[in-house]
Amino acid sequence: MKKNTIGKRIAEARINLNITQEQLEELSGFSVSTISRFETGRTQPNIENLIKLSKVLNVGIDYFLYDLIPHNETIQSPTVKDAVTVLSQMNERQAQYMLDIIKIYQASHQD
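The written sequence of each chain sets the order in which its residues are numbered from 1. Per-residue local features of the predicted model are confined to residues with pLDDT of at least 70, and side-chain atom pairs are confined, for both listing and counting, to 80 or more; whole-chain, interface and lining totals are unaffected and use all residues. Here the side-chain values reflect all heavy atoms present in the structure, with hydrogen atoms and water set aside.

Draft legend 1. Spatial organisation of the overall build of the protein. Note on conventions: DSSP H or I runs of at least 4 residues are helices, E runs of at least 2 residues are strands, and numbering of each starts at the N terminus. The helix and strand tally for the protein stands at seven helices and zero strands. Along the protein, helices (α) and strands (β) appear in the sequence α-α-α-α-α-α-α when read from the amino end. Seen along its three principal axes, the alpha-carbon backbone of the protein occupies a region of about 55 × 25 × 25 Å. Only protein chains enter the accessibility calculation, which uses a 1.4 Å probe; a residue whose area is less than 20% of its type maximum is buried, one above 50% is exposed, and one in between is partly exposed. Looking at the protein residue by residue over its 111 residues, the buried ones come to 27%. Whether two residues touch is decided by their heavy atoms; if any such pair falls within 4.5 Å, the residues are in contact. Considering only contacts in the protein between residues 6 or more positions apart, those separated by 24 or more positions represent 54%. Here the protein displays about 7800 Å² of accessible surface, and carbon together with sulfur accounts for 55% of that area. Of note, the protein has its 12 positive side-chain charges centred 4 Å away from the centre of its 13 negative side-chain charges. Computed with the Shrake-Rupley method and a 1.4 Å probe, the accessible areas treat only the protein chains shown as cover for residues. The charge count treats Lys and Arg as positive and Asp and Glu as negative. His and the chain ends do not count. To locate a charge, take atom NZ for lysine, CZ for arginine, CG for aspartate or CD for glutamate.

Draft legend 2. Structural detail: the environment of isoleucine 10. Tracing the backbone through its elements, the reader meets isoleucine 10 in helix α1 (residues 5–16). Put simply, isoleucine 10 and glutamine 21 are 11 residues apart on the chain and 11 Å apart in space, counted from C-alpha to C-alpha. Residue contacts for isoleucine 10: discarding those within four places in its chain leaves Phe38, Glu39, Pro45, Leu50, Leu53, Leu57 and Phe64.

Draft legend 3. Inspection of a nonpolar patch on the surface at higher detail. Taken together, the side chains of Tyr97, Met98 and Ile101 make up a nonpolar region of the molecular surface, amounting to roughly 290 Å² of accessible area. Along the chain, methionine 98 turns up in helix α7 (residues 92–108). With a relative accessible area of 31%, methionine 98 lands in the partly exposed category. The residues that make up patches have over 30% relative accessible area and no salt bridge, and they are joined within 9 Å when like-charged or within 5 Å when they are Val, Leu, Ile, Met, Phe, Trp or Tyr. The salt bridge definition used is simple: a Lys or Arg side-chain nitrogen within 4 Å of an Asp or Glu carboxyl oxygen.

Draft legend 4. Representation of the nonpolar core in the model. To qualify as a nonpolar core, a set must consist of buried Ala, Val, Leu, Ile, Met, Phe, Trp, Tyr and Cys residues joined through side-chain atoms within 4.5 Å. Ranked by internal contacts, the top residues of the largest apolar core, which has 14 residues, are Ile10, Leu24, Leu50, Leu53, Leu57 and Phe64. Residue contacts for phenylalanine 64: discarding those within four places in its chain leaves Thr5, Ile6, Arg9, Ile10, Leu50, Leu53, Ser54, Leu57 and Val59.

Draft legend 5. Structural detail: the side chain of glutamine 21. Position of glutamine 21 among the secondary structure elements: in helix α2 (residues 21–28). The residues contacting glutamine 21, other than those within four sequence positions of it, are Arg14, Val32, Ile35, Ser36 and Glu39.

Draft legend 6. Quick look at the side chain of glutamate 39. Among the structural elements, glutamate 39 can be located in helix α3 (residues 32–40). Exposure remark for glutamate 39: the relative accessible area of 10% places this residue in the buried category.

Draft legend 7. Summary view of the packing of α2 against α3. Fitted lines through C-alpha atoms give the axes, limited to the stretch in contact for helices. The angle between two N-to-C directions lies from 0 to 180 degrees. Put simply, α2 and α3 touch, their axes get as near as 9 Å, and they point 110° apart. Between α2 and α3, the interaxial angle falls into the category roughly perpendicular. In this structure, α2 meets α3 at a crossing whose hand is right-handed. Contacts between α2 and α3 pair Gln21, Glu22, Leu24, Glu25 and Ser28 from the former with Val32, Ile35, Ser36 and Glu39 from the latter. Should an angle fall under 35 degrees it is called roughly parallel, over 145 degrees roughly antiparallel, and 65 to 115 degrees roughly perpendicular, with every other angle called oblique. Rotating anticlockwise by less than a right angle from the far helix to the near helix defines a left-handed crossing, while the corresponding clockwise rotation defines a right-handed one.

Pasting the structure below:
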């Protein structure tokens, strides 16, 4: 896994909006020290924190995870490419629901 890609993406989104860590504190409710720890990679935000930050910073959650997930260019199977494309167009709740369905199917069809 690439080191601190999420933190760099958080900082990038904040800078793109031209807001300071102090302003992000006011908007998000996270302390400046927490924001700094996220951005420097000393602390990894959990999924709830990422969802909150994505709303405040006006980016999709996939923006933070982009460098961590496989992209269609690296996936050989056309079926898996299609699935990734469809899942990436869903919101986080919908994508998690579909992932749960896939896991249940996989568990019940292990041969």
